Amino acid sequence: MSPTAPPQQANSAPEPVLSVIVPMFNELSSLAPFWQRMSAVLEQLDVPAEVLFVDDGSRDGSAGRVRTMARQDARIRLLELSRNFGKEAAMTAGLDHCRGERVLIIDADLQDPPELLPRMWELADEGYDVVVPRRTARPGETHSKVFFSAAFYWTMRRIHAAVDLTPGTGDFRLMSRRTVEAIRELREKNRFMKGIFEWVGYPRVLLDYEREPRARGATKFNFFKLLHLAADGIAAFSTAPLKLATLAGVGTAFVAFLFGAYIIAKTLLFGDPVPGYPTLVVVVLFFSGVQLLAIGVLGEYIGRIYNEAKGRPLYIVKAAALVDERR
Ligand code: UDP
Ligand code: MG
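Residues numbered from 1 in each chain as written. Chains lettered and ligands numbered in written order. Predicted model: local features only at pLDDT ≥ 70, side-chain atom pairs only at ≥ 80, totals over all residues. Heavy atoms only, no water.

Structural notes on the overall build of the chain
A count of helices and strands for the chain gives ten helices and eight strands. Taken against the 2.2 N^0.38 rule, which gives 20 Å for 327 residues, the C-alpha radius of gyration of the chain at 26 Å runs more than 25% over that of a compact globule. Each principal axis of the C-alpha distribution contributes one length, and for the chain these read about 105 × 40 × 35 Å. Accessible area for the chain stands at about 17,600 Å²; split by element, carbon and sulfur atoms hold 62% of it. Looking at charge distribution, the chain has the averaged site of its 40 positive side-chain charges lying 4 Å from that of its 37 negative ones. (Helix = DSSP H or I, 4+ residues; strand = E, 2+ residues; numbered from the N terminus. Rg over C-alpha atoms; globule rule 2.2 N^0.38 Å. Areas by Shrake-Rupley, 256 points an atom, 1.4 Å probe, with all protein chains shown as cover. Lys, Arg positive; Asp, Glu negative; His and termini not counted. Charge placed at Lys NZ, Arg CZ, Asp CG, Glu CD.)

Right, dumping it as structure tokens:
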């Protein structure tokens, strides 16, 4: 801000037309370069904006850095969660606390290029409620991540999940206020935001871009976290695994019936020599396996029902700072 500009008062700041939500978890090294590029884009776009950093329990002083940045720029707001709740919860917190007519969700690590915003804005002006950038390249990502990601999208499609996910899209998107309000209605505890975004519907358009490798720091998602997210995605939008368990049950029962008939026929025709102990063991093992699998699938869903039944909040806010703190 130039020294001649009137001092910004919290209550004199214009209502934002655009809210930018930035979930962050230990992103200290990314914050300065992120803000450099993001603020340049905001200048270019020239609409009243707020940038809401949601600190998801960072332990590297990211929140402190945002607070310092906010002293120099009245558009910056900070929402601090009480601990690390995960990106899905952090985004939800952001959506709950933003005020803009349009809302952009963007990663802090610059993998989602802020420079795409003006083009996204134009598409939103054309009447699209949701503008979703789709990455055509994924540099800096391991082969296994790309493979398992493809396998996940394939599975979701094959089981006819309640949402049709588009490969190559992520949480990076620009949404209208009515879309955000609709998303806020979905308070499920097992949050798979990519599914929730799609489930809501409204006119949507894709915008192709090349994803950049992470500028600084390391990814916060390891294989198991991603696997968990994928399981959440499948369980949240499909009951296909339950049906699969039933099918497996019916299938094995049918095989067992055939096998039983075969044994009876064999005994009647050829008498009863020493019974086949190995066969017995194999059959018992096989059936226990199938049963355990089916119970496991049931458990996955019951666990999720349990989570819902507890009715805990999705996140806890430690401090919603900088709205009053600003001077
Ligand atoms: N993130 C978060 N909470 C978490 C994990 C990640 O808010 O528990 C944020 C992170 O700081 C980043 C974004 O979510 O801004 C995407 O995370 P990351 O870049 O690690 O994911 P990737 O791009 O590797 O899928
Ligand atoms: Mg990233």
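That covers the picture; the talk isn't over yet.
A look at the coordination of the magnesium ion (ligand 2)
Protein ligation of the magnesium ion (ligand 2) involves Asp109 (OD) and Gln111 (OE1), the donor distances falling in the range 1.9 Å. Residue aspartate 109 is classed as buried on the basis of its relative accessible area, which comes to 4%. Taking relative accessible area as the criterion, glutamine 111 reaches 10% and is therefore assigned buried. (Donors = N, O, S within 2.8 Å, 3.2 Å for Na, K, Ca; no water. Buried < 20%, exposed > 50% of the residue type's maximum accessible area, 1.4 Å probe, protein only.)

Looking at empty space enclosed by the protein
Tallying each qualifying case throughout the model produces one cavity of 30 Å³ or more. For the largest cavity, the calculated volume is near 40 Å³. Here the lining of the largest cavity is composed, by residue class, of two nonpolar, two polar and three charged. (1 Å grid on protein atoms, 1.4 Å probe; cavity = no way out; pocket = protein on both sides within 12 Å on 5 of 7 lines; lining within 4 Å. Points joined across faces, edges and corners; volume = space filled by probe spheres on them. Nonpolar A, V, L, I, M, F, W, Y, C, P; charged D, E, K, R; others polar.)

Observations concerning the nonpolar core
Across soluble globular proteins, you tend to see nonpolar side chains buried next to one another. Counting 37 residues, the largest nonpolar core has Val54, Leu95, Phe152, Met156, Met175 and Ile183 as the members making the most contacts within it. Top contributing element to this core by residue count: helix H3 (residues 87-97), with five residues. Residues within four places of isoleucine 183 in sequence aside, it is in contact with Leu95, Met175, Arg191, Met193, Ile196, Phe197 and Val200. Core analysis: the second largest hydrophobic core is formed by 36 residues, Trp35, Phe53, Val205 and Leu207 among them. (Core = buried A, V, L, I, M, F, W, Y, C linked by side-chain atoms within 4.5 Å. Contact = heavy atoms within 4.5 Å.)

Here we look at a nonpolar patch on the surface
Where nonpolar side chains cluster on the molecular surface, the patch consists of Phe147, Phe148, Phe223, Phe224 and Leu227 and spans about 550 Å² of accessible area. Where the nonpolar patch is concerned, the elements lending two or more residues are helix H5 (143-158) and helix H8 (223-237). Per-element tally for the nonpolar patch: the top contributor is H8, with three residues. Examined against the element boundaries, phenylalanine 147 turns out to sit in helix H5. (Patch = residues over 30% accessible without salt bridge, like charges linked within 9 Å, V, L, I, M, F, W, Y side chains within 5 Å. Salt bridge = Lys/Arg side-chain N within 4 Å of Asp/Glu carboxyl O.)

Thoughts on the environment of histidine 143
With respect to the secondary-structure elements, histidine 143 resides in helix H5. We classify histidine 143 as exposed; its relative accessible area is 75%. Placed 75 residues apart in sequence, histidine 143 and threonine 68 show a C-alpha to C-alpha distance of 39 Å.

Quick word on the site of ligand 1
The full set close to ligand 1 counts 18 residues, and Glu27, Asp56, Asp109, Thr219 and Lys220 are the nearest of them. For ligand 1, an oxygen atom lies 3.0 Å from a polar atom in the backbone of alanine 108. Contacts to ligand 1 include glutamine 111, whose side-chain N or O atom sits 2.7 Å from an oxygen atom. For ligand 1, whose free accessible area comes to 530 Å², the fraction covered by protein is 94%. (Near = heavy atom within 4 Å. Polar contact = N/O pair within 3.5 Å; in protein donor to acceptor, adjacent residues only side chain to side chain.)

Quick look at the packing of helix H6 (residues 177-185) against helix H7 (residues 193-200)
The interhelical angle for the contact between H6 and H7, taken along N-to-C directions, is 120 degrees, at an axis separation of 9 Å. Regarding the angle of H6 to H7, the classification is oblique. H7 is crossed by H6, and the crossing has right-handed handedness. Of the residues in H7, those in contact with Thr179, Ala182 and Ile183 of H6 are Met193, Ile196, Phe197 and Val200. Among the residues forming the contact of H6 with H7, the class breakdown is six nonpolar, one polar and no charged. (Axes fitted to C-alpha atoms, helices over the stretch in contact; angles between N-to-C directions. Parallel < 35°, antiparallel > 145°, perpendicular 65-115°, else oblique. Left-handed = near helix turned anticlockwise from the far one by under 90°.)

Digging into the side chain of glutamine 111
Structurally, the position occupied by glutamine 111 is in the loop between strand E4 (102-105) and helix H4 (117-125). With residues near it in sequence (within four places) discarded, glutamine 111 still touches Glu141, Tyr209, Arg211, Glu212, Pro213 and Arg214.

Overview of the pattern of salt bridges
Counting across every chain of the model gives 23 salt bridges. Measuring nitrogen to oxygen at the nearest pair gives 3.0 Å for the salt bridge that ties aspartate 96 to arginine 187. Remark: arginine 187 occurs in the loop between H6 and H7 and aspartate 96 occurs in helix H3; sequence separation between them is 91 residues. In this structure, the salt-bridge partner of arginine 134 is aspartate 208, at a minimum N-O distance of 2.8 Å. Of this pair, arginine 134 sits in strand E5 (residues 130-137) while aspartate 208 sits in strand E7 (residues 204-210), and the two are 74 residues apart along the sequence. Relative accessible area serves as the criterion here: at 44%, aspartate 208 is assigned to the partly exposed category. Residues participating in the shared-partner salt-bridge network are Asp96, Arg177, Glu181, Arg184 and Arg187.

By themselves, these observations are geometric and do not establish any function.
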